[in-house]
Amino acid sequence: MTEAAKPIRVALLGCGTVGTQIVRLLTEQADDLAARVGAPVELAGIAVRRANKPRPGVPAGLLTTDAAGLVTRDDVDVVVEVIGGIEPTRDWLLTALKAGKSVVTANKALLAEHAGDLFAAADATGADLYFEAAVAGAIPLLRPLRESMAGDRITRVMGIVNGTTNFILSAMDETGAGYAEALDEASRLGYAEADPTADVEGYDAASKAAILASIAFHTRVTAGQVHREGITGVTAADVAAARALGRTIKLLAICERVEAGGDRPGEAVAVRVHPAMIPRSHPLAGVNGAFNAVFVEADAAGQLMFYGQGAGGAPTASAVLGDLVAVARNRVVGGRGPRESAYADLPVRPIAQAATRYHISLDVADRAGVLAAVAAVFAQHEVSIAAVRQEGRSSDASLVIVTHSAPDAALRSTVDKIAGLPFVHDVVSVMRVEGEEL
């Protein structure tokens, strides 16, 4: 066997829903993968937490509970990680990269916090670091941003990047169900984890937004710099209000290139995750169920949209295998994949300075002068009203206001001031609005 034909040996960390599909694809497509890579791709070992757990189709002889030992073995060329979590996964991957082993990972939480450390370790030894499966499952998204659009200037990335929350909001929109009822249905069908906190509170989407912003704007952005709001406060009344305006509610990850503002010249990055009303005519409005979609705007390419399965064992494994083929090819021919691009080093602008619009629903007393007094508060904070309507009478009166774009801090201050007015019984809901003006 020639040097170029030596097998590429793979250490797999994790053999759950995604890991078992990776094993299946490596086995079923072994001949095709070898032809595409230029050498056989073989599993050297599979690290798991419990080696005695039944795993149909997974060779028991490859299982080990010693992940640290597996990644340091001399016969391992590539480490594929689908375990998740920060530690000890971070140490394992750093160890592999420092030893010159290439890494393929689907770990968005780790990348959103420690991508800089991982890239530095990869650069020191010339190893590859690929992570297509970390955002939007099977959808080819990160590689187009990193490679196909490397010559363009991306201005905005906005998308639905969490299937669980999109399923819940879609169900609420389609059936009129409340949040709790829709979450129960998502759990019953397997779309929601036993503990759905990371999804419904926006943590998962925030990690993905940090990765997208880092790539799109050539700037390191961590999950902690992403403004995050979940969907637990979204009510059936919010969904109905959106429908009345010809809109629907989606949990959006929004990454924008903006003016730095203040005394600092130049550009900045704004990154936020929150539920928002969007027009039903917007391409993202028709993305329902557990699907993901990301809308990209760039100077030369214009508007692009990426759509598909955002999670699941086989779809995620597909993205992992795509990365594995690329990494293995580089090992065979001596090439290297794209490195980290963080040269721009733009500041991350806080949410308070971001330009947003609000849909505000108020429970108010039905008496003369209420609308004028509320409008006066908006004027004091220099927030312009786009639309207003009053519904109901007597104790059931409500006032619905949609604003024009204004700094988020001004909008929040306006709402806080209105909440203290004697004739405002309750601020029923506050929802951001994206898309064209009403």
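Since this is a predicted model, take the numbers as computed values, not measurements.

Caption draft 1: Structural context of the packing of aromatic side chains. Taken as a whole, this structure holds three aromatic pairs when the rule is applied. With a centroid separation of 6.0 Å and 80 degrees between ring planes, the pair formed by Phe119 and Phe131 is classed as edge-to-face. Within this pair, whereas Phe119 is found in helix 5 (residues 108-125), its partner Phe131 is found in the loop between strand 6 (129-130) and helix 6 (142-148), the two being separated by 12 residues in sequence. This pair shows no difference in class: Phe119 is buried, exactly as Phe131 is. Between Phe291 and Tyr307, the aromatic rings sit 5.3 Å apart at their centres with planes inclined by 5 degrees, giving stacked as the arrangement. In this pair, Phe291 is assigned in strand 11 (residues 291-298) and Tyr307 in strand 12 (residues 302-309), connecting sequence segments 16 residues apart. Since its relative accessible area comes to 27%, Phe291 is described here as partly exposed.

Caption draft 2: The arrangement of helix 8 (residues 179-188) in detail. Listing the buried residues of helix 8 in full gives Tyr179, Ala182, Leu183 and Ala186. The arc that holds every buried residue of helix 8, seen down its axis, measures 100 degrees, which confines them to one face. Turned more than 90 degrees away from the buried face of helix 8, the exposed residues are Glu181, Asp184 and Arg188. Residues of helix 8 that are buried in the fold lie against helix 7 (163-175) and helix 9 (197-200). Positive phi appears at Gly190, one or two residues downstream of helix 8, with a value of about 85 degrees.

Caption draft 3: Geometry of helix 7. Between its terminal C-alpha atoms helix 7 stretches 18 Å, which fits the 18 Å expected from 13 residues at 1.5 Å a residue. Summarising burial for helix 7: 11 of the 13 residues are buried, a large majority. Along helix 7, the positions that sit buried rather than exposed are Gly163, Thr164, Thr165, Asn166, Phe167, Ile168, Leu169, Ser170, Ala171, Met172 and Asp173. Tucked into the core, helix 7 has its buried residues touching strand 7 (154-160), helix 8, helix 9, helix 11 (236-244), strand 9 (247-259) and strand 11.

So, how was this worked out
Residues numbered from 1 in each chain as written. Predicted model: local features only at pLDDT ≥ 70, side-chain atom pairs only at ≥ 80, totals over all residues. Heavy atoms only, no water. Phe/Tyr/Trp six-rings, centres within 6.5 Å; stacked < 30°, edge-to-face > 60°. Helix = DSSP H or I, 4+ residues; strand = E, 2+ residues; numbered from the N terminus. Buried < 20%, exposed > 50% of the residue type's maximum accessible area, 1.4 Å probe, protein only. Arc of directions from axis to C-beta. Contact = heavy atoms within 4.5 Å. Expected span 1.5 Å × (residues − 1).

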